[in-house]
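Observations on the model geometry
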Amino acid sequence: MSRRLLIVGLVVLAGLGTTVRTAVASHESVSVLLPGDPLQGSRLFTGKGCLRCHAVHGVGGTAGPDLGRRVLNRPLLEIAGVMWNHAPAMEHVFQEKRVPRPTFEPGEMASLLSFLYYLGSLDPPGDGAVGARLFSQKGCEICHSLGGKGGNLAPRLDTYGQYTSPLFLTAALWNRGKPMADAMRNRNIPRPTFQGTEIADLLAYTRSASGGTERIYVEPGKPKNGEALFGKKRCVECHSIGGHGGAVGPDLTTTLKGSLMRIAGSMWNHGPKMWAKMAERAIEVPALTTEEMSDLISYLYFFQFIDRPGDPRRGLVVYKEKRCGTCHAIRGVGEKVGPDLATGEKLDTSLEVITGMWNHAATMEEAMLGSNVAWPVLKGGEMADLIAYLLQARGGAPRPAAASGPQPKGKGR
Ligand code: HEC
Ligand code: HEC
Ligand code: HEC
Ligand code: HEC
């Protein structure tokens, strides 16, 4: 029960979301992002027993690795690949511990993958002791007080202790950033910048120093909303996304790296130059609610980890190398130990293929042991390629060159 609350708390820390980015992902074979709900994914993570063996940042079981370590900061289909690769080792622990092996509907698999992807976007919880040092080093305490200690030139920061996510702090820092910068200039205090996990550390300190017990969560951000906000808040007038948009500031698909908090930190760090450019163009500094901040940076985070479109030709190579054909046929050509992958039911989308592979992994492993086939480990984009090949073999899938819309003849990639 308390575990469940904890994990739900974790989930709502910040944001992901997996609604499809239309421009890139209009085709299923590309499957840049699968439609899923990270919040539902977190419930499945608990409900299907993953938490019995896996911890997230130290909370949960220990039979499997802690999934809060940043192993999951990669594209969705690669995460599906990681899960697949570990299936046999997990299977053995399932049997040992007599935990029933969970199976999924495709929609559930989408949510679960969204949740795992979302875990990859978070930093570990901040360190309060480090935060306390930063609060003094960065000069915050000259103007602000916390737990009754510090200056009184600016609002007390105790209320921030009730927030579980550093996003509240980053949104406030952004919104109050300009008057704060003025106050600093007036007092000759250098404007601090934030690196790495410093914002999360500051939040951890705020929480311990304020002693509050109330907890206010924020829902995972939705990149789709972030995309709309990027236009509505006029970011697009200065920044490009993949070459589309303004050129006053950097193209944010090429410069931003790291977790949600790192992205929020770089927004703060570049604030003064941005405000100057906004003033030149008579653009008001856009106010952002916590949800909007969450949606916006989830959107920006997402570009680091776009699945490159799968390539059916490379997929065929993977299919052969991994010896799937030892047991499977494609349109009657091949062996019949397992179902025909071109004509079998419910294998029409990447999600269905991933789900089918996971749900049948135990039987497949047995068959593989029987026929001396090594467990096929899928690295990098191999899962995406394999899926592209299987979908094409079914005749339903577009070729990858069509991923970004119809291409002029002779100008393919
Ligand atoms: C009975 C224990 C057990 C359960 C339940 C379990 N796992 Fe695992 N999991 C493991 C073990 C053990 C490993 C490490 C396998 C290895 O070393 O190859 C692992 C590995 C993984 C990995 C790869 C992690 C890495 O560091 O590369 C992922 C992702 C994963 N599990 C996800 C899940 C999900 C999602 C669920 C719930 C559907 C789940 N696991 C349920 C035991 C379990
Ligand atoms: C030179 C004084 C000064 C320093 C140093 C300073 N601030 Fe501020 N801060 C202000 C002022 C003034 C405001 C109120 C601005 C306004 O709304 O007009 C403010 C507002 C805020 C707010 C929003 C508070 C609210 O409830 O509206 C937060 C959060 C905040 N500061 C955090 C910090 C942190 C964290 C640091 C250290 C990294 C810091 N400040 C350093 C002067 C300062
Ligand atoms: C008037 C032009 C302008 C607008 C509008 C604008 N920016 Fe910027 N932005 C810039 C400039 C210029 C820089 C680079 C500043 C520097 O070099 O310090 C920048 C830098 C950034 C960075 C840091 C990039 C990096 O490489 O680390 C982020 C993140 C960012 N902006 C996000 C946003 C978001 C989100 C919005 C909308 C809410 C926005 N910007 C609106 C001009 C703008
Ligand atoms: C040693 C034999 C063997 C190998 C090698 C093998 N499979 Fe299977 N596969 C099976 C069997 C048997 C089943 C049916 C399992 C069941 O009924 O639970 C199956 C089921 C599946 C399913 C689910 C089909 C459905 O109808 O839901 C998919 C998808 C699949 N395999 C893909 C692959 C891929 C991709 C490879 C290569 C990476 C592969 N298999 C390698 C034996 C194998």
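Residues numbered from 1 in each chain as written. Chains lettered and ligands numbered in written order. Predicted model: local features only at pLDDT ≥ 70, side-chain atom pairs only at ≥ 80, totals over all residues. Heavy atoms only, no water.

1. Describing the coordination of the iron atom of ligand 4
Stated precisely, the cut-off is as follows: Note that water is not among the atoms used; donors are N, O and S atoms within 2.8 Å of the metal (3.2 Å for Na, K and Ca), so sites may look incomplete. Four donors are marked tetrahedral only if all angles between them lie between 85 and 135 degrees, whereas four are marked square planar and six octahedral if opposite donors are more than 155 degrees apart and the other angles lie between 65 and 115; the remainder are marked irregular. Elements are defined by DSSP. Helices are runs of H or I of four residues or more, strands are runs of E of two residues or more, and each kind is numbered from the N terminus.
Within the first shell, the iron atom of ligand 4 binds the protein through H328 (NE2) and M364 (SD), at distances of 2.0 to 2.3 Å. Here the iron atom of ligand 4 is ringed by six donor atoms whose angles at the metal span 88 to 178°, and the overall shape comes out octahedral. Separated by 36 residues along the polypeptide, H328 in the loop between α16 (312–321) and β7 (329–330) and M364 in helix α18 (residues 361–370) bring together distant segments of the chain.

2. Notes on the packing of aromatic side chains
The line we're drawing: Only Phe, Tyr and Trp rings take part, Trp by its six-membered ring, and two of them pair if their centres are within 6.5 Å. Stacked means planes under 30 degrees apart, edge-to-face means over 60, and tilted covers everything else. Relative accessibility decides the category of a residue: with a 1.4 Å probe and only protein chains considered, values under 20% of the type maximum give buried, values over 50% give exposed, and everything between is partly exposed. Two thresholds decide whether a charge sits over a ring: the Lys NZ or Arg CZ must be within 6 Å of the ring centre and within 35 degrees of the ring normal.
Using the criterion set out here, one finds nine aromatic pairs in the structure. Ring geometry for F104 versus W358: centroids 6.4 Å apart, planes at 50°, classification tilted. On the criterion of sequence distance, the pair formed by F104 in the loop between α4 (76–97) and α5 (106–121) and W358 in helix α17 (residues 350–359) is long-range, its members being 254 residues apart. Of the two residues examined, F104 and W358, each falls in the buried class. Sitting over the face of the ring of F104, K48 holds its NZ or CZ atom 5.1 Å from the ring centroid.

3. Some points on the site of ligand 1
Note the cut-off: It suffices for a single heavy atom of a residue to lie within 4 Å of a molecule or strand for the residue to be listed as near it. Gly is placed with the polar residues, together with every amino acid not listed as nonpolar (Ala, Val, Leu, Ile, Met, Phe, Trp, Tyr, Cys and Pro) or charged (Asp, Glu, Lys and Arg).
What surrounds ligand 1 is a group of 20 residues, the closest being C50, C53, H54, H86 and M90. Contributions of two or more residues to the shell around ligand 1 are made by α3 (50–53) and α4. In terms of residue count, the dominant contributor to the shell around ligand 1 is α4 (seven residues). Looking at the shell around ligand 1, its residues break down into 15 nonpolar, four polar and one charged.

4. Brief notes about the packing of α4 against α5
Keep this limit in mind: Every angle, taken between N-to-C directions, lies between 0 and 180 degrees, and every axis is a line fitted to C-alpha atoms, over only the stretch in contact when it is a helix. Each angle is binned into one of four classes, with values under 35 degrees roughly parallel, values over 145 roughly antiparallel, values of 65 to 115 roughly perpendicular, and all other values oblique. The contact criterion used throughout is that any non-hydrogen atoms of two residues lie within 4.5 Å.
Their axes nearest at 10 Å, the elements α4 and α5 cross at an angle of 100°. By the criterion of interaxial angle, the relationship of α4 to α5 is roughly perpendicular. In contact with L76, I79, A80 and M83 of α4, α5 contributes L112, L113, S114, L116 and Y117. A per-class count over the contact of α4 with α5 returns eight nonpolar, one polar and no charged.

5. Quick word on the coordination of the iron atom of ligand 2
Distances from the iron atom of ligand 2 to its protein donors, H144 (NE2) and M180 (SD), fall within 2.0 to 2.3 Å. Given six donor atoms and angles of 87 to 178° at the metal, the environment of the iron atom of ligand 2 is assigned as octahedral. Note that H144 is positioned in the loop between α7 (140–143) and β3 (145–146) and M180 in helix α9 (residues 177–186), a separation of 36 residues in sequence. With relative accessibility at 10%, the residue H144 sits in the buried group.

6. Focus on the site of ligand 4
Let me state the cut-off plainly: We call two N or O atoms a polar contact when they sit within 3.5 Å, provided that within protein one can donate a hydrogen and the other can accept it, with sequence-adjacent residues counted only if both atoms are side-chain atoms.
Around ligand 4, the structure places 20 residues, and the nearest of them are C324, C327, H328, H360 and M364. Between ligand 4 and the protein, one listed contact pairs a nitrogen atom with a side-chain N or O atom of H328 at 2.8 Å. Within the contact set of ligand 4, an oxygen atom lies 3.0 Å away from a side-chain nitrogen or oxygen of T363. For the shell around ligand 4, the secondary structure elements donating two or more residues are α17 and α18. For the shell around ligand 4, the leading source of residues is α18, giving four residues. Looking at side-chain class alone, the shell around ligand 4 contains 13 nonpolar, six polar and one charged residues.

7. Concerning the side chain of S145
If you trace the backbone, S145 turns up in strand β3. Once you skip the residues sitting within four places of it in the chain, S145 turns out to touch G150, G151, P155, R156, L157 and D158.

Structural measurements only, silent on function.
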